Amino acid sequence: MSGVELDPVIHAPNRLQICALLVVVSELEFRLLKAQLGVSDSVLSKQIKALEEASYIDVIKRTEHGRQRTWLALNRSGRAAFQKHVQALRQIIEPGAQALNQSEG
Amino acid sequence: MNVEKDQSLGSHSLGDTSIDSHEALLQSAHAELAVLQAVQNQASQLLRPPVWLNLVLSASVFVVLLAASLQNHGSHWGWIQGISMLALFSGLLIYYFRCKSLGVKQVMWPRRGYGWLVIAVFAALGAGIVTAGDHLADQGLWIWAYVLSGGYGVINYVIMDRYSAWLIAPGPMAAAVKSGSAKSSGAKSQ
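Report follows, based on the coordinates. A quick note: this is a predicted structure, and the numbers were derived from the prediction, not measured. (Residues numbered from 1 in each chain as written. Chains lettered and ligands numbered in written order. Predicted model: local features only at pLDDT ≥ 70, side-chain atom pairs only at ≥ 80, totals over all residues. Heavy atoms only, no water.)

Moving on, we come to the packing of helix 2 (residues 13-22) of chain A against helix 3 (residues 30-37) of chain A. All names here are of chain A. Helix 3 packs onto helix 2 with a crossing angle of 125° between their chain directions and a minimal axis gap of 11 Å. On the basis of the axis angle, helix 2 is oblique to helix 3. Crossing handedness for the pair helix 2 and helix 3: right-handed. For the pair helix 2 and helix 3, the contacting residues are Asn14, Gln17, Ile18 and Leu21 in the first and Leu33, Gln36 and Leu37 in the second. The residue inventory of the contact of helix 2 with helix 3, partitioned by class, reads four nonpolar, three polar and no charged. (Axes fitted to C-alpha atoms, helices over the stretch in contact; angles between N-to-C directions. Helix = DSSP H or I, 4+ residues; strand = E, 2+ residues; numbered from the N terminus. Parallel < 35°, antiparallel > 145°, perpendicular 65-115°, else oblique. Left-handed = near helix turned anticlockwise from the far one by under 90°. Contact = heavy atoms within 4.5 Å. Nonpolar A, V, L, I, M, F, W, Y, C, P; charged D, E, K, R; others polar.)

Next up, the structure:
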């Protein structure tokens, strides 16, 4: 018997997408993330709050050219959690695929 | 959330909720990895430079390598290399600030060993092309310096156009894509 650890914070579809987008960049702006996910401000804020409470992302507010922009970044623990989550998904799939092939054989 | 797997019984528990079907968990994992693969494409589109900028960057890479290969065969290649390096650097700066104005800040340095490995492979390939180009030019086969450097420029263009997210941040996403392809092969076997 083996235990596979899936992260409950990252497991939610919107949060999975947020983490997956943030892992390939250094920082992403709130409005761009909202457009990419196709969700409302309130929905995105709620998801970000959940990730922030889990200490997975950093929310950085900067004033650029007299306009405040909110940037989001996946921090070290967020990256580690995301990586672990992806590995857990692979662990679920790979033995499954092997079992499937064996049963077919 | 702890997913206990028991292959001998074929049953799984997902936290407090028991999932009896092995297939259900597999499908859920496949669905999540499919989402990750779609996000990888989305991220590539975000990081993709416009065609004109990609052409400038790839042409600069081509000329930098060509000039480095032929530097021993003419004094003019020295300043050509200088100008092309300046063009490459300017192109990278434009790329960085363009992405920033759109709302994306790129990763400047790889965070994982895999990212450094990708850089090392590309650097080694570039060095190999310069050495081979110089050697072949010595033997009078000038055209090969153009062909090899041009090939590298084309590879650079294709990667920046199609796999920019993978190039910039390989690692977890690459793992997701790998699993995604495993999924499709699994689906074929079904």
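After presenting the structure, the write-up continues.
Attention now goes to a nonpolar patch on the surface. Residue and element names in this part refer to chain B. There is a patch of nonpolar side chains on the surface, built from Leu141, Trp142, Ile143, Trp144, Tyr146 and Val147 and spanning about 570 Å² of accessible area. As for its placement among the helices and strands, tyrosine 146 is situated in helix 5 (residues 142-162). The class for tyrosine 146 is partly exposed, based on a relative accessible area of 36%. (Patch = residues over 30% accessible without salt bridge, like charges linked within 9 Å, V, L, I, M, F, W, Y side chains within 5 Å. Areas by Shrake-Rupley, 256 points an atom, 1.4 Å probe, with all protein chains shown as cover. Salt bridge = Lys/Arg side-chain N within 4 Å of Asp/Glu carboxyl O. Buried < 20%, exposed > 50% of the residue type's maximum accessible area, 1.4 Å probe, protein only.)

As a further point, take unusual backbone geometry. As a rule of thumb, non-glycine residues mostly have phi less than zero, and peptide bonds are mostly trans rather than cis. Residue and element names in this part refer to chain A. Despite not being glycine, serine 55 shows a phi value in the positive range, around 60°. Among the secondary structure elements, serine 55 is positioned in the loop between helix 4 (41-53) and strand 3 (57-64). Positive phi, close to 55°, is recorded for histidine 65, a residue that is not glycine. Here histidine 65 is to be found in the loop between strand 3 and strand 4 (67-74). The class of histidine 65 is exposed, set by a relative accessible area of 83%.

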